[in-house]
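Structure assessment
The primary structure of each chain is shown beneath.
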Amino acid sequence: MTTMTTTTEDALVAAARGDQHAFASFYDATAGAVHGTVLRVLRDPAQSEEVVQEVFLEAWRTAARFDPARGTARAWVVTMAHRRAVDRVRSAQASTLRDEKAALREVPPYDSVSEEVEDVLEADEVRRALTSLTPVQRQAIDLAYYGGRTHREIAEDLQLPLGTVKTRLRDGLIRLRDALGVGDR
Amino acid sequence: MNARDERRDDPLLAGAWALDALDDDERAAFEDRLATHPDERADADALRETASRLAAGTPPPPRLRSAVLAALATTPQERPAADRPAPVVDLRTERARRRGPSRWSALVAAAGIVVGAVGVGVGVGVANRSGDTVVSAQQVARQRITDLLATPGARVSTVAATDGGTATLVQADGRIGVVTSGLPEPGSGRDYQLWLADGDALTSAGMLHVTSAGGSAVVVPAGAATGVGISVEPARGSKQPTTTPVVFTPLTV
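Conventions used here
Residues numbered from 1 in each chain as written. Chains lettered and ligands numbered in written order. Predicted model: local features only at pLDDT ≥ 70, side-chain atom pairs only at ≥ 80, totals over all residues. Helix = DSSP H or I, 4+ residues; strand = E, 2+ residues; numbered from the N terminus. Buried ≥ 20, exposed ≤ 12 C-beta atoms within 10 Å, placed from the backbone. Contact = placed C-beta atoms within 7 Å. Axes fitted to C-alpha atoms, helices over the stretch in contact; angles between N-to-C directions. Parallel < 35°, antiparallel > 145°, perpendicular 65-115°, else oblique. Nonpolar A, V, L, I, M, F, W, Y, C, P; charged D, E, K, R; others polar. Pairing = 2+ DSSP bridges. pLDDT = per-residue confidence, 0-100.

Another aspect to go through is the overall build of chain B. Looking only at helices and strands, chain B features nine helices and eight strands. Relative to its full complement of 253 residues, chain B shows a buried share of 40%. Nonlocal contacts in chain B, meaning residues at least 24 apart in sequence, comprise 61% of its contacts between residues at least 6 apart.

So, in structure tokens, the structure goes:
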């Protein structure tokens, strides 16, 4: 039994009360996932490091908001990291000139992004889960999660009705959820 | 595009929400919905948990760990909900938030540290060394920094000062906002001075008038600055730094 081992959730809860050692354990357990997520979206190591640092200081500041009933500590901080990375991508896009914007928005061949990701995915499980998606579900999820695009932008880029994109994102994630057994705790 | 497609609190948006594929207004509308639909919230949380598993683990460089852990001591924490007083809200900020549609809330979230500093400065009313005019000037500066954050392409970075405390820089629109927090007492008759570096040349960008909590806020024109420094100087200021800067950082372009 591992009853002596505290979970990442316990560490984050203790960190919310000012325990810096607990926060260090929380950092060690989640830094790879946080950095990996940010790097995947931003693709710039220097900017990614900056964001990772901001994310962990935000996590320290707002640790009291973590609610173990709503998910794991890893998901809590990775969600925060993904949001920040996506915000950077979007504000960079907003600041470019209109004609440059078209070039930025050019859709990459849809498989390339997830293939790159697959090279570094640690978990065979996730790789297997991704194969359970239909190609169009996978394309939509790639563009959203790794590309930082909104569902409206995806609909525009792919010239699809918004409802179709919403459905693909949701159905795709539901398949992944079932393949990964999330929520079967 | 039909009406159903446009519903902002459509339960079908759970996937887009979990993947961060909503804009700020849509996200707010959907989260309002989740707050009143506990059954849907559990499903949406599971999708978010799923999305977070898509991240490939890539360890960051070890120096990042030291930097983060070193900054904890000077980064104030929110108190747990149970013993947290009713939040103090800056009305202008709150109005701006409600007004939407804007990127405001996301950008502010992205600059949580600065907003934390705004909370301390505006909400609690920090005791200051130099009189009320300084604090109100700083309130104005904090508001201008908050506005800077709303500028598309705004860049935010936080630097740990060598003797404790932090400086957060917001760059946008040819201006630089500087917010300090937790800088140590500079000593009697002394204050922190802000410097802009252009190559090897340093130009004073004025005194920070730090409060007793080591806080300050200013917005200055960026000019051709390639770096920013902060040093302890006599309160009337120096032409060139006379002490080793506690903060010296290149600006990101």
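Additional details are given in the paragraphs that follow.
This brings us to the packing of helix H8 (residues 135-146) of chain A against helix H10 (residues 162-180) of chain A. Residue and element names in this part refer to chain A. Running from N to C, H8 and H10 cross one another at 100°; their axes reach a closest spacing of 8 Å. Considering their axes alone, H8 and H10 lie roughly perpendicular with respect to each other. Across the interface between the two elements, Val136, Gln137, Arg138, Ala140, Ile141 and Ala144 of H8 pack against Val165, Arg168, Leu169, Asp171, Gly172, Leu173 and Arg175 of H10. A per-class count over the contact of H8 with H10 returns seven nonpolar, two polar and four charged.

Right, let's get into the sheet that holds strand E1 (residues 155-160) of chain B. All names here are of chain B. With antiparallel pairing, the four strands of this open sheet are ordered in space as E1-E2-E3-E6. Edge positions in the sheet fall to E1 and strand E6 (216-221), since each has one partner strand and no second. In this sheet, adjacent strand axes meet at a mean angle of 15° when their direction is disregarded. Pairing of strand E2 (residues 166-172) with strand E3 (residues 175-181) involves seven bridges; the strand directions are antiparallel. Note that in E3 the partner of Ala172 across the bridge is Arg175.

Turning next to the sheet that holds strand E4 (residues 190-198) of chain B. All names here are of chain B. Taken in spatial order, the four strands make up an open sheet running E5-E4-E7-E8, and their pairing is antiparallel. In the strand order of this sheet, the two ends are held by strand E5 (201-207) and strand E8 (247-250), each with one partner. Put simply, the sheet's adjacent strands are angled 30° from each other on average, direction ignored. As defined by bridge partners, strand E7 (residues 227-234) adjoins E8 across four bridges and the pair is classed as antiparallel. Within E8, the position partnered with Val228 by the bridge is Thr249.

The extent of an interface is frequently quoted as the accessible surface area lost upon association of the parts. The interface is formed by 69 residues belonging to chain A together with 58 residues belonging to chain B. Listing elements by their share of the side of chain A that touches chain B, those giving two or more residues are helix H2 (20-42), helix H3 (45-62), helix H4 (73-95), helix H6 (110-120), H8 and H10 of chain A. Per element, the largest residue contribution to the side of chain A that touches chain B is 13 residues, and it comes from H4(A). The class makeup of the residues in the side of chain A that touches chain B is 32 nonpolar, 20 polar and 17 charged.

This next bit is on the confidence of the model for chain B. Residue and element names in this part refer to chain B. Per-residue pLDDT for chain B has a mean of 74; in total, 72% of the residues score no lower than 70. The secondary structure element of chain B with the lowest average pLDDT is helix H8 (residues 112-125), at 34, and the one with the highest is helix H2 (residues 14-18), at 96. Contacts from residues 1-5, a stretch scored under 50 in pLDDT, to residues over four places away or in other chains number seven contacts. The low-confidence segment residues 84-132 (pLDDT under 50) makes 79 contacts with residues lying over four places distant or belonging to another chain. The ipTM for the predicted assembly is 0.83, set against a pTM of 0.56.

Residues and elements named next belong to chain B. Here eight bridges tie E4 to E7, and the two strands are oriented antiparallel to one another. Residue pairing across strands places Ala197 opposite Gly227, the latter belonging to E7. In this structure, E4 lies alongside E5, joined through five bridges in antiparallel fashion. Directly across from Leu196, in E5, lies its bridge partner Thr203. Linking E4 back to E5 in an antiparallel pair, the connection comprises two residues, with Gly199 at a positive phi of about 65°.

Glycine aside, residues mostly have negative phi angles, and peptide bonds mostly take the trans form. All names here are of chain A. Not every positive phi belongs to a glycine, and Arg43 is a case in point at roughly 60°. With respect to the helices and strands, Arg43 occurs in the loop between H2 and H3. Taking the number of C-beta atoms within 10 Å as the measure of exposure, Arg43 has 13 and is therefore partly exposed.

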